[in-house]
Structure formats: structure tokens, C-alpha cells
Amino acid sequence: MSIASALTIALSGIQAASTRLEQTASNISNSSNDGYSTKTVVTTSAALGSVGGGTEVVGFERAENKALYVTLTKATSNLGLREKQDDYQQLVQDIFGTGSSDSPALVESLSDFTNSWKTYASTPESLVASRQVVQDAVVFTDEIKRVANQVEDLDREIYNDINSTIVT
């Protein structure tokens, strides 16, 4: 090994040590900054053919807290789940009319149907009362069908969302 090779190897070691010291100084000076994570210098052996050629800086690694990362990932996932549940809950309220109305259509049609039955029960001979029962029954069943169809559509939408979200 020549003196030039020995000096080159020594210089690479000094440069790697200098880079480590600079990174240590940076870690210390930034330690109080929010969001800063400690970095370490990654080195490897440099080769000159079959002979060792010193030390080479190949990059930097950020220190990470794996437990904290797992907690963050779970919290982010749970947030997404809760937001999606809230969206679907709002859609269900819209279908039943409970989100925006004091008197949802389904409840109102049931009430009308019940009241027309009470009127018919008190005056069974009244042709008007019997026709009102039939008319209110039709309105009530149409409302049930509307709600059922919208719930089925929402169920399909949720099923498709789940299938498109899950990666197998």
C-alpha cells in the first residue's frame, strides 16, 4: 500500500467523522424544534478493487418511533372510519327525513293513516272516511317503498365502497 493510498483512506475516515460531527451538531441545535427528528449518518466501507479504500458516506437516516408511528396510523385510520360512518349516518337521516324536518314524511304518512282509521272506526258508514283510509294507506305504502328503495341503494353504495377500498 502506497502512502497516497494510506492518506486517501485516512482522509475518507476524517471526512466521514466530520460529516457525523456536523450531523450531531445539527441534531443538537434542532432538538427543541417541533417536528424535527434526529438524523444519523450512514457509512459503508469503500473498496479499491480487492483492497479496502476507506469509509464512504452513503446517506442519512431519520430516527423514528415505531410505536408512535403505529399509533398515528391507527388514529388516522379510525378517523377515516368515523368520518365515513358520519357520512353514511347523515345519508340515513336524509332518507328518513329526520335530519332536516320536524315531521318526516314516513312519520307524517303513518300519522295520517292512523288518524283516518280512527275516523273510519267512529263512522264506518261514511264513504268519505273509507276512501280516506284507502288513500292514506296508498300514501303510507308508497312512502315505505321509497324509504326501502333508498336504503337498498345506500346498502349497495356502502358495499361497493367497501369493496373498492379493501386491497387484497
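In this text the structure is predicted, and so the values were computed from the model without any measurement.

Student: Please clarify how the packing of helix α2 (residues 66–96) against helix α4 (residues 127–165) should be interpreted in this entry.
Tutor: Packed helix pairs are specified by the crossing angle of their axes together with the interaxial distance, meaning the distance between the axes. For the pair α2 and α4, the least separation of the axes is 9 Å and the interaxial angle reads 165 degrees. As judged from the angle between their axes, α2 and α4 are roughly antiparallel. In terms of crossing hand, the pair formed by α2 and α4 is right-handed. Contact residues: K84, Y88, L91, V92, I95 and F96 in α2; R146, V147, Q150, V151, L154, E157, I158 and D161 in α4. A breakdown of the residues in the contact of α2 with α4 according to their chemical character gives 9 nonpolar, 1 polar and 4 charged.

Student: I keep staring at the packing of helix α3 (residues 105–122) against α4 and nothing clicks. Help me out?
Tutor: Contact geometry of α3 with α4 gives a least axis separation of 8 Å together with a crossing angle of 160 degrees. Put simply, α3 runs roughly antiparallel to α4. For the pair α3 and α4, the sense of crossing is left-handed. Of the residues in α4, those in contact with A105, L106, S109, L110, D112, F113, S116, W117, T119 and Y120 of α3 are A129, S130, Q132, V133, D136, A137, V139, F140, E143, I144 and V147. Of the residues that constitute the contact of α3 with α4, the class distribution is 13 nonpolar, 5 polar and 3 charged.

Student: Honestly, the side chain of S37 in this entry has me stumped. Any pointers?
Tutor: Here S37 is to be found in the loop between α1 (3–29) and β1 (39–48). Judged by its relative accessible area of 15%, S37 is buried. When sequence neighbours within four positions are dropped, the list of residues in contact with S37 reads R62 and A63.

Student: Which parts of the structure should I look at to understand the pattern of salt bridges?
Tutor: For side chains bearing opposite charge, pairing can occur when the charged atoms are close. The final tally for this structure, using the stated rule, is 3 salt bridges. For the salt bridge of K84 with D161, the shortest nitrogen-to-oxygen distance reads 3.7 Å. Of this pair, K84 sits in helix α2 while D161 is found in helix α4, placing the two residues 77 residues apart along the sequence. Residue class for D161 comes out partly exposed when judged on its relative accessible area of 24%. Close ionic contact of D153 with R156 constitutes a salt bridge, the shortest N to O distance being 3.3 Å.

Cut-offs applied
Within each chain, residue numbers correspond to sequence positions counted from 1 in written order. At least 70 in pLDDT is required for a residue's local features to be given in this predicted model, at least 80 for side-chain atom pairs to be given and counted, and no such filter applies to totals for whole chains, interfaces and linings, which use all residues. For the side-chain quantities, the full set of heavy atoms in the structure was used; hydrogens and water were omitted. Inter-axis angles, ranging from 0 to 180 degrees, are taken between N-to-C directions of lines fitted to C-alpha atoms, where helices are fitted over the stretch in contact. Put simply, DSSP marks the helices as runs of H or I at least four residues long and the strands as runs of E at least two long, and each gets a number from the N terminus on. The scheme is simple: roughly parallel for angles under 35 degrees, roughly antiparallel for over 145, roughly perpendicular for 65 to 115, oblique for anything else. A clockwise turn of the near helix away from the far one marks a right-handed crossing, whereas an anticlockwise turn of less than a right angle marks a left-handed crossing. Working rule for contacts: check all heavy atoms of both residues, and any pair within 4.5 Å makes them a contact. Put simply, Ala, Val, Leu, Ile, Met, Phe, Trp, Tyr, Cys and Pro go in the nonpolar bin, Asp, Glu, Lys and Arg in the charged bin, and everything else, Gly too, in the polar bin. A simple rule labels every residue: compare its accessible area, found with a 1.4 Å probe on the protein chains alone, to the largest value its type can have, and call it buried under 20%, exposed over 50%, or partly exposed in between. The term salt bridge refers to a side-chain nitrogen of Lys or Arg lying within 4 Å of a carboxyl oxygen of Asp or Glu.

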